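An overview of the molecular structure
These are the residues of each chain, in order.
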Amino acid sequence: MKLIEIMLDNVSVQTRVKNGEGFDRPSVLRITADITSCTATLVTPYLLLTAAHCVHNVQPQQCKVPSFPSAEIVHQHLHPQYDASDHANDVAFLELNDPILNVTPMTLVETFEYNVGKDISLLGWGKVNDVKVADSLQQAKLQIRVCSTSDSGSTVFCARPRSTSSTSNVCKGDSGGPAIDGNDGNGGIGVLSQAELVQGECAVNGGLSLFCKANPSEEWIQTLLTGNRSHTQGVQNESTDETVRFVILGTALLGIATVLATGIALFVRRGAHIHR
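So, how was this worked out
Residues numbered from 1 in each chain as written. Predicted model: local features only at pLDDT ≥ 70, side-chain atom pairs only at ≥ 80, totals over all residues. Heavy atoms only, no water. Core = buried A, V, L, I, M, F, W, Y, C linked by side-chain atoms within 4.5 Å. Buried < 20%, exposed > 50% of the residue type's maximum accessible area, 1.4 Å probe, protein only. Helix = DSSP H or I, 4+ residues; strand = E, 2+ residues; numbered from the N terminus.

With 23 residues, the main nonpolar core has Ile 31, Leu 48, Val 55, Val 65, Phe 68 and Leu 96 as its most contacted residues. Only strand S3 (28–33), strand S4 (36–44) and strand S8 (92–96) provide two or more residues apiece to this core. Ranked by size, the runner-up nonpolar core spans 17 residues in total, among them Val 43, Cys 147, Leu 208 and Ile 221.

Quick look at the structure:
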């Protein structure tokens, strides 16, 4: 069974989950990267979680968050073992210059058991069907299934619609969307990476999709979540330190100038007194 990426290629339209249900989760956002569109999740005020294949070929400044036009992505953190040839470790974090404060971030689940038969849901901004674009975040109800031999591993899991007759599944634009526990769980357990496609747009009814786990206990993820301003915070700290140094230097120079001015004034007055 061939699994292929489900990001938009040479298409700049907004897209959503195929035949999904409307779902309200403000932390799940549509992102654009140059001419592609994917889904991302706010996991801290400064970090968006998405699929690495959505952003690995673009510069940070090319990534946009349409619902937050002023949000500036200043750094991309791709998984250290990401392999673009087969989408292994297809996980990335996008770092924002300024925090998104009016949205509650989604928590990543550390102790989730990826048991076959367990219900999960996918949230995404992919197409509703092959042609229609929805106007709200969509949800597809899935169930964890066994991956094919070539895709099995400790860092991935697979899922398909709970009913083989269900027409709700993934579409282009859903890449990077979060898998959550059950129907309305508050915690993310992974990101959508790949799926079977039909007619060039959406996964076949009952088709299998592959997700990459996003466990916050993984050292790389934990480092980002606990010290997530690693890039811009360092710049800010450097700027702050530089400002302090300038203030100290300026104060010292002012003091020296004051002493010199006082000395010159005394010298001038003394010289004038001698000449009298």
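The next thing to look at is unusual backbone geometry. Phi angles above zero are rare outside glycine, and Asp 34 is one such case at about 60 degrees. Summarising the element assignment, Asp 34 is placed in the loop between S3 and S4. For Asp 34, a relative accessible area of 48% gives the class partly exposed. A positive phi angle, near 55 degrees, is found at Asn 89, a position not held by glycine. Structurally, Asn 89 can be placed in the loop between strand S7 (73–78) and S8.

Treat this as a map of the structure, not an account of what it does.
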